[in-house]
Amino acid sequence: MLALAGCSRAELEDNLRFGWPTGITDEAEKMRILWSWSCVAALAVGVLVWGLTFWASAFHRKKKDTPNDELPRQTAYNLPLELTYTAFPFVAIAILFYYTMVVQNDVITLDKKVDHEVEVTAFKWNWQFAYEGTEVAGSNDQMVETIGTTEEIPVLVLPSGSAVQFTLKSADVVHSFWVPEFLYKLDVIPHGVNEDGTLKGPGAQGTNQFIVNIKDGTEGAYVGRCAELCGVYHAQMNFELRVVSPDQYEDYLTARESGQSNADALASIGEEPLATSTSPFDPSRTSNNS
Ligand SMILES: [Cu+2]
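Residues numbered from 1 in each chain as written. Predicted model: local features only at pLDDT ≥ 70, side-chain atom pairs only at ≥ 80, totals over all residues. Heavy atoms only, no water.

- Looking up the chain in an unreviewed UniProt entry gives the name Cytochrome c oxidase subunit II, with the organism given as Epidermidibacterium keratini.
- UniProt's Sequence similarities (unreviewed entry) comment on the chain is quoted here verbatim: "Belongs to the cytochrome c oxidase subunit 2 family."
- The Subcellular location (unreviewed entry) field of the UniProt record for the chain holds the comment "Membrane". (UniProt positions renumbered as here; feature names shortened; annotations may be inferred.)

**With respect to the overall build of the chain**
1) Next: Scanning the chain from terminus to terminus reveals five helices and 10 strands.
2) Next: The C-alpha radius of gyration of the chain comes to 26 Å, more than 25% above the 19 Å expected for a compact globule of 290 residues.
3) Next: Residues classed as buried in the chain amount to 33% of the 290 residues present.
4) Next: Counting only contacts in the chain whose residues sit at least 6 apart along the sequence, the fraction spanning at least 24 positions is 64%.
5) Next: Carbon and sulfur atoms provide 57% of the accessible area of the chain, an area that totals close to 17,700 Å². (Helix = DSSP H or I, 4+ residues; strand = E, 2+ residues; numbered from the N terminus. Rg over C-alpha atoms; globule rule 2.2 N^0.38 Å. Buried < 20%, exposed > 50% of the residue type's maximum accessible area, 1.4 Å probe, protein only. Contact = heavy atoms within 4.5 Å. Areas by Shrake-Rupley, 256 points an atom, 1.4 Å probe, with all protein chains shown as cover.)

**Considering the UniProt feature "transmembrane region" (unreviewed entry) in the chain**
1) Next: Under the local residue numbering, the UniProt record ascribes the feature "transmembrane region" (unreviewed entry) to residues 34-58 and 79-99.
2) Next: The span residues 34-58 is 100% helical and 0% strand by assignment, and the distance between its end C-alpha atoms comes to 36 Å.
3) Next: Across residues 79-99, the secondary structure splits into 100% helix and 0% strand, with the terminal C-alpha atoms separated by 31 Å.

**Looking at the sheet that holds strand 3 (residues 144-147)**
1) Next: Strand order in the open sheet formed by five strands is 3-2-1-5-8, with mixed pairing between adjacent strands. Two strands in the sheet have a free side with no partner beyond their single neighbour: strand 3 and strand 8 (209-214). Strand-to-strand twist in this sheet, taken as the mean axis angle between neighbours without regard to direction, amounts to 25 degrees.
2) Next: Alignment of strand 5 (residues 162-170) against strand 8, held across six bridges, turns out to be antiparallel. Across the sheet, the residue bridging to F166 is F210, located in strand 8. (Pairing = 2+ DSSP bridges. Axes fitted to C-alpha atoms, helices over the stretch in contact; angles between N-to-C directions.)

**Quick look at helix 2 (residues 26-59)**
1) Next: With 34 residues, helix 2 should reach 50 Å at 1.5 Å per residue; the first-to-last C-alpha distance of 49 Å fits that figure.
2) Next: Three or more residues of helix 2 are buried, namely E27, A28, M31, R32, S36, C39 and G46.
3) Next: The inward-facing, buried residues of helix 2 contact helix 1 (9-16), helix 3 (79-108), strand 7 (184-188) and strand 8. (Expected span 1.5 Å × (residues − 1).)

**Points about helix 4 (residues 246-257)**
1) Next: Here helix 4 spans 16 Å end to end across 12 residues, near enough to the 16 Å set by a 1.5 Å rise per residue.
2) Next: Residues of helix 4 that are buried: Q248, Y249, Y252, L253, A255 and R256. Along the axis of helix 4, the buried positions cluster into a sector of 160 degrees, meaning they face one direction only. The exposed set on the far side of helix 4, more than 90 degrees from its buried face, consists of D247 and T254.
3) Next: Residues of helix 4 that are buried sit in contact with strand 1 (116-123), strand 2 (126-131), strand 3, strand 4 (155-159), strand 10 (239-244) and helix 5 (262-268).
4) Next: Once helix 4 finishes, G259 follows within two positions and takes phi at roughly 105 degrees, a positive value. (Arc of directions from axis to C-beta.)

**A short note on the domain arrangement of the chain**
1) Next: Per the domain assignment, the segments of the chain are domain 1 (8-57 + 80-108) and domain 2 (116-268).
2) Next: The partner domain 2 presents 14 residues to the 14 residues of domain 1 that form the contact.
3) Next: Buried surface at the junction of domain 1 and domain 2, both sides included, amounts to about 1,200 Å², of which 62% is carbon and sulfur.
4) Next: At the boundary of domain 1 with domain 2, the tally comes to two salt bridges. (Domains from an automatic or database assignment. Buried area = accessible area lost by both parts, 1.4 Å probe. Salt bridge = Lys/Arg side-chain N within 4 Å of Asp/Glu carboxyl O.)

**Let's talk about the packing of helix 2 against helix 3**
1) Next: Where helix 2 contacts helix 3, the two axes come as close as 9 Å, and the packing angle between them is 165 degrees. Taken together, the axis directions place helix 2 and helix 3 in an arrangement best described as roughly antiparallel. Here the hand of the crossing between helix 2 and helix 3 comes out left-handed. The residues of helix 3 that touch helix 2, namely those facing E27, K30, M31, L34 and S38, are L96, Y99, T100, V103, D106 and V107. (Parallel < 35°, antiparallel > 145°, perpendicular 65-115°, else oblique. Left-handed = near helix turned anticlockwise from the far one by under 90°.)

**So, the pattern of salt bridges**
1) Next: Applying the stated rule across the entire model yields nine salt bridges.
2) Next: A salt bridge links E29 to K215, with the shortest nitrogen-to-oxygen separation between them at 2.5 Å. Placement of the pair is E29 in helix 2 and K215 in the loop between strand 8 and strand 9 (220-226), with a sequence separation of 186 residues.
3) Next: E29 sits in the partly exposed class, given a relative accessible area of 29%.
4) Next: For K215, a relative accessible area of 23% gives the class partly exposed.

**Some points on the coordination of the copper ion**
Geometrically, a metal with four donors at the corners of a regular tetrahedron has ideal angles of 109.5 degrees, and one with six donors at the corners of a regular octahedron has ideal angles of 90 or 180 degrees.
1) Next: The copper ion binds to the protein through H175 (ND1), C226 (SG), C230 (SG) and M237 (SD); the donor distances cover 2.1 to 2.5 Å.
2) Next: Every donor counted, the four donor atoms about the copper ion form angles of 95 to 125 degrees at the centre, which fits tetrahedral coordination.
3) Next: The buried category is assigned to C226, whose relative accessible area is 9%. (Donors = N, O, S within 2.8 Å, 3.2 Å for Na, K, Ca; no water. Tetrahedral: all angles 85-135°; square planar, octahedral: opposite > 155°, others 65-115°.)

Printed below as a string of structure tokens:
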């Protein structure tokens, strides 16, 4: 902590993230602050415990002039101390619990303004993104869809400064939709969904939806991953989130609705056509041996 004393606020924030990404959504920012200060609290407890451990082993050794047959003072009970070290952790976790609930309620609520809706379908072993409310020209109600293949990483294009609702579905087993820069992930469960959006099926809890508010000025490419073991190519289910400006997004959707491929539509708005945050893996299981 002393080493942090001399640095700027931004540097302090960087250090307090302990390796977490910055986050590109309003929700991520709240989670990041909760995480940072939880870490500080955990470190404070750690320093106290390590300090006591060190102090006890350093200052409670056998004194040189103690006779060999003399045992240390035999203490076993200290009621006031026991009450203190039971009460203090309870207060500490109660405070942590309070802030956890405040942030959680904000992050998981579906009662927020939504600008765009994306339907995410996970399958072994890739992703499909469908844009609610779009229609490809000349098709029969066919939504604009981006489907990942072994050769091409699916790039999910979304505008900065907008609220996006994700609805997750699985075509087969359990996957997990994780964009590290959202500081959030949600399991993709192959159950049906009840009328109210909650998961249907034995043991299923929670919903298959979440909403994020992508901040202004977050244009860029962010890697996304599958975060639930789903078979042989679990590690190869990467995708990319490409955040573009709202104007670019309009043009992108127009291009897609006219029938352009994802790569062509990206190129037409001046973006890299293929994923830049990750690349397709070689699916060959023997290529390393050749
Ligand atoms: Cu998966």
